[in-house]
Amino acid sequence: SRGINAEYGGAFTGEISASMVVDCGATYTILGHSERRHVFGEGNEQIGQKTATALAQGLTVIACIGEQLEERQAGKTMDVCISQLTAFKDNISDWSKVVIAYEPVWAIGTGKVATPEQAQEVHAKIRNWLSENVSSDVAGSVRIIYGGSVNGSSKGLYTYVLLFIMLM
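These notes cover the structure that comes with them. On a predicted model such as this, the values are computed, not experimentally measured, just so you know. (Residues numbered from 1 in each chain as written. Predicted model: local features only at pLDDT ≥ 70, side-chain atom pairs only at ≥ 80, totals over all residues. Heavy atoms only, no water.)

Observations concerning the sheet that holds strand β4 (residues 143-146)
In step 1: The parallel open sheet is built from four strands, whose spatial order is β1-β2-β3-β4. Each having just a single partner strand, β1 (28-31) and β4 make up the two edges of the open sheet. Adjacent strand axes in the sheet meet at a mean angle of 25° when their direction is disregarded.
In step 2: Where strand β3 (residues 98-102) and β4 come together, four bridges link them in parallel fashion. Looking at β4, one finds that A101 is bridged to I145.
In step 3: Its contacts with the sheet put helix α3 (residues 44-56) on β1, β2 (60-65) and β3, and the angle it makes with β1 is roughly 175°. (Pairing = 2+ DSSP bridges. Helix = DSSP H or I, 4+ residues; strand = E, 2+ residues; numbered from the N terminus. Axes fitted to C-alpha atoms, helices over the stretch in contact; angles between N-to-C directions. Contact = heavy atoms within 4.5 Å.)

Below is the structure:
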C-alpha cells in the first residue's frame, strides 16, 4: 500500500488501517515517502508509529528516506537521512521485514537525477550507520534501494542495480 494509518482501527475517515491492507492481500507498505513528509506534514514520530503498526500487522515496510536539494547543497544529506532512519529504527521489531528506499527528494519528478555514485555513496553510509547503531548482521542483510528519478543516461545502470537487488 502507499501508506497506512498509525492506529490499529477506529473511525478515521479517508485513512486505511494496516489490517485493511493485509485483508486486501497486500504485503508491503511505503512509509516516510517525501510527499507524505513535505505535502501532508508527516513527521518522524508519526512515521515511526506507522512503522510499528505495519510490522505488528505483518506488513513489510519500505522505509523512505531522503534529503531536499537545499539540504544536499548544505552538506546535510546524512544528517537528514540519519534523523529519518532513527525514527524507523526506534520502531522496528524485525529488520527482515524492512526495505530502505533512499529517495533524494530533489531527484523525484524534477528532471534532476542522482548519479549512481551519489546513490551508492549514501547507501554505503546507511550500511555503516546500521552497523554502528543496529548490528552488523542487519547492515549486511537489509535491502537498500534507490527511489529517485532516472533518465535516459542513468536508466541502464539503475535497471541493472534494481534487478540485482530483486534477485538478492
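A short note on the pairing of β1
On a regular strand, one side chain projects to one face of the sheet and the next to the other, so that they alternate.
In step 1: Every second residue of β1 is oriented toward a common face, the buried set being T29 and L31 and the non-buried set Y28 and I30.
In step 2: With four bridges connecting them, β1 and β2 associate as parallel partners. Across the sheet, residue L31 finds its bridge partner in β2, namely A63. (Buried < 20%, exposed > 50% of the residue type's maximum accessible area, 1.4 Å probe, protein only.)

Focus on the packing of helix α5 (residues 77-89) against helix α6 (residues 116-133)
In step 1: Between α5 and α6, whose axes approach to 11 Å, the crossing angle comes to 45°. In terms of axis orientation, α5 runs oblique to α6. As for how α5 packs across α6, the hand of that crossing is right-handed. In contact with T77, M78, C81, I82, L85, T86 and K89 of α5, α6 contributes V122, K125, I126, W129 and N133.
In step 2: Across the contact of α5 with α6, the residue classes break down as seven nonpolar, three polar and two charged. (Parallel < 35°, antiparallel > 145°, perpendicular 65-115°, else oblique. Left-handed = near helix turned anticlockwise from the far one by under 90°. Nonpolar A, V, L, I, M, F, W, Y, C, P; charged D, E, K, R; others polar.)

A word on the packing of aromatic side chains
In step 1: Tallied over the full model, the rule gives zero aromatic pairs.
In step 2: The side chain of R36 reaches across the aromatic face of F40, ending 4.3 Å from its centre. (Phe/Tyr/Trp six-rings, centres within 6.5 Å; stacked < 30°, edge-to-face > 60°. Lys NZ or Arg CZ within 6 Å of the ring centre and 35° of its normal.)

Description of empty space enclosed by the protein
In step 1: Using the criterion set out here, one finds one cavity of 30 Å³ or more in the structure.
In step 2: Roughly 40 Å³ of volume is contained in the largest cavity.
In step 3: By residue class, the composition of the lining of the largest cavity is three nonpolar, three polar and four charged. (1 Å grid on protein atoms, 1.4 Å probe; cavity = no way out; pocket = protein on both sides within 12 Å on 5 of 7 lines; lining within 4 Å. Points joined across faces, edges and corners; volume = space filled by probe spheres on them.)

Concerning the side chain of T77
In step 1: By the element assignment, T77 lies in helix α5.
In step 2: A polar side-chain atom of T77 sits 3.3 Å from a polar atom in the side chain of E67.
In step 3: Setting aside residues up to four positions removed in sequence, T77 forms contacts with E67, E71, R72, Y102 and V122. (Polar contact = N/O pair within 3.5 Å; in protein donor to acceptor, adjacent residues only side chain to side chain.)

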